[in-house]
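So the chains spell out like this:
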Amino acid sequence: MSTRDFIEKDYYGALGVSQGADAAEIKKAYRKLARDLHPDKNPGNAAAEARFKEVSEAYDVLSDPKRRAEYDDARRLFGGGGAGARAGFPGGFPGAGGGQPFDLGDLFGAGGRAGAGAGAGGIGDLFGNLFGGGGTAPGSARARQQAASGPARGQDVETEATLSFDEAVLGVTVPLRMQSPGTCPTCSGSGARPGTSPHTCPVCDGAGVTSRSQGAFAFSEPCRSCRGTGQVVEDPCPTCAGNGVTTQTRTITVRIPAGVKDGQRIRLAGKGAPGRRGGPAGDLFVVVHVSDHDLFGRKGDDLTLTVPITFPEAVLGTTLTVPTLDANVTLKVPAGTSSGRTLRVRGRGVPGRGRNGDLLVTVEVAVPQRLSAEAERAVKTLDAELGDPRPQITAATQARSTDPGSTR
């Protein structure tokens, strides 16, 4: 619901009730009118349809205690309806009696200027509270000027860092050389040549925005004279061309925490581009790229490692010495371990919060490509002693081969 509707429309008259009517009277009046004016009862009747919408709109406002109070306050302030508005403001609203338009945004935020007779806070305070604002209305010239000339946060900056696998897992401090916007060293961010200073824009009076009226409402847009800054630089700084900011190369030292993953973004608060007019600096985001390792892989917070073992080691069992990222550990391989079995070394993985990940060691039986004649005889002898490791499969294949109906 627009402010103009609150001022100009007579919702009590639309329902045919007095301003002091209680909720029950309003509801009863609405139901009677809604039954009589409903589009299903008046097919093709445009006047009845328009009246039905008017009645529904009135009931929506008056049936809600909060909105009704706001509506009553607005109408009391302006004397009620279009005529009262014209009485309080010569010329009234365009389209409701002619005259010059005025800026509702400035009216509601004008404070003492328009509200000298409206109480301690003036009209600006009244309407700020009435429509959810404070002492300065969000759309007022004062608020726009504060937004344009006040401190502004610096931009966020993103850069990349490539780490080795060990550095990503264990953490590292690295220097980052990067290019990003920074305060101009020549003019200290003012944009003006040294020895001179900017002055308030005469077009927008420092607000950074200009307003144009259309009907009863005012629309704002960035001031073209000062490009929305509220200030004009007559003699620009030769280094930054009046922007107050230059692209600078800087080197900062960044601590990369242990356990970062490939593609992870690390946020460093306040390490981005500097703010303007005393505003805080933006943030720096570092995108981490992690190189592969020759031995280790990673699965979450666990490190993975594949270790070949001989057939006798798998059969008889053995104790292996395997590396981690910072030391060696011993690992017992039980007798009868099959190829592909994974053994866990707890706490020797990626450092984490509260507990470290584990080292997952997968053993694979190494099969030699060539054997000497003596080794081949020994393997055949062992094979004869071990017997068939797959008796059920062998029995099933033999049964198929002797089946007369089998085609394979």
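Report follows, based on the coordinates. The structure displayed is predicted, hence computed values, not measured ones.

Details of the overall build of the protein chain
Point 1. Broken down by element type, the protein chain carries 13 helices and 15 strands.
Point 2. Considering the protein chain as a whole, with its 408 residues, one finds that 34% of them fall into the buried category.
Point 3. Long-range pairs, those at least 24 residues apart, make up 61% of the contacts in the protein chain with a sequence separation of at least 6.
Point 4. Approximately 24,300 Å² of the protein chain is accessible, and the part contributed by carbon and sulfur atoms is 50%.

A closer look at the pattern of salt bridges
Point 1. In the structure shown here, the tally under the stated rule is 16 salt bridges.
Point 2. With its nearest N and O atoms 3.0 Å apart, the salt bridge here joins Asp283 to Arg267. With Asp283 in the loop between strand E8 (265–268) and strand E9 (284–290) and Arg267 in strand E8, this residue pair connects regions lying 16 residues apart in the sequence.
Point 3. Using a relative accessible area of 52% as the deciding quantity, one classes Arg267 as exposed.
Point 4. With its nearest N and O atoms 3.2 Å apart, the salt bridge here joins Arg348 to Asp326. You can see Arg348 sitting in the loop between strand E14 (342–345) and strand E15 (359–365) and its partner Asp326 sitting in the loop between strand E12 (318–323) and strand E13 (328–333), a full 22 residues away along the chain.
Point 5. For Arg348, a relative accessible area of 28% puts it in the partly exposed group.
Point 6. Via salt bridges that share partners, Arg153, Asp156, Arg267 and Asp283 belong to a single interconnected network.

Quick word on a nonpolar patch on the surface
Point 1. Where nonpolar side chains cluster on the molecular surface, the patch consists of Phe311, Val315, Leu316, Leu382 and Leu386 and spans about 490 Å² of accessible area.
Point 2. Sorting elements by how many residues they give to the nonpolar patch places helix H11 (residues 311–316) first, with 3 residues.
Point 3. According to the relative accessible area criterion, Leu382 is partly exposed, its value standing at 33%.

Examining the sheet that holds E15
Point 1. Spatially, the 4 strands line up as an open sheet ordered E10-E11-E15-E14, and their pairing is mixed. With one partner strand each, in any of the chains shown, strand E10 (297–299) and E14 form the two edges of the open sheet. Averaged over all neighbouring strand pairs, the angle between strand axes comes to 35°, with direction disregarded.
Point 2. With 7 bridges joining them, strand E11 (residues 302–309) and E15 adopt parallel strand pairing. Counted as the bridge partner of Leu303 is Leu359 from E15.

Brief notes about the sheet that holds E8
Point 1. If you walk across this open sheet you meet the 3 strands as E1-E9-E8, and the pairing is mixed. Bordering the open sheet on either side are strand E1 (157–163) and E8, each of which pairs with just one other strand. For this sheet the average axis-to-axis angle between neighbouring strands, irrespective of direction, equals 25°.
Point 2. Examined bridge by bridge, E1 and E9 share 7 bridges and lie parallel to one another. From the neighbouring strand, Thr159 faces E9, where its bridge partner is Val286.

Focus: the packing of aromatic side chains
The geometry of an aromatic ring pair comes down to the distance between the two centres and the angle between the two planes.
Point 1. Inspection of every chain in the model, using the stated rule, returns 3 aromatic pairs.
Point 2. Aromatic pair Tyr11 and Tyr71: ring centres 4.8 Å apart, planes at 40°, arrangement tilted. Taken together, the residues span a long stretch of sequence, with Tyr11 in helix H2 (residues 11–15) and Tyr71 in helix H5 (residues 65–78) at a distance of 60 residues. Here Tyr11 and Tyr71 have matching classes, each one buried.
Point 3. Chaining the aromatic ring pairs together yields one cluster made of Tyr11, Tyr12 and Tyr71.

Rules of the game
- Residues numbered from 1 in each chain as written.
- Predicted model: local features only at pLDDT ≥ 70, side-chain atom pairs only at ≥ 80, totals over all residues.
- Heavy atoms only, no water.
- Helix = DSSP H or I, 4+ residues; strand = E, 2+ residues; numbered from the N terminus.
- Buried < 20%, exposed > 50% of the residue type's maximum accessible area, 1.4 Å probe, protein only.
- Contact = heavy atoms within 4.5 Å.
- Areas by Shrake-Rupley, 256 points an atom, 1.4 Å probe, with all protein chains shown as cover.
- Salt bridge = Lys/Arg side-chain N within 4 Å of Asp/Glu carboxyl O.
- Patch = residues over 30% accessible without salt bridge, like charges linked within 9 Å, V, L, I, M, F, W, Y side chains within 5 Å.
- Pairing = 2+ DSSP bridges.
- Axes fitted to C-alpha atoms, helices over the stretch in contact; angles between N-to-C directions.
- Phe/Tyr/Trp six-rings, centres within 6.5 Å; stacked < 30°, edge-to-face > 60°.

Scope: geometric values only; no functional claims are made or implied.
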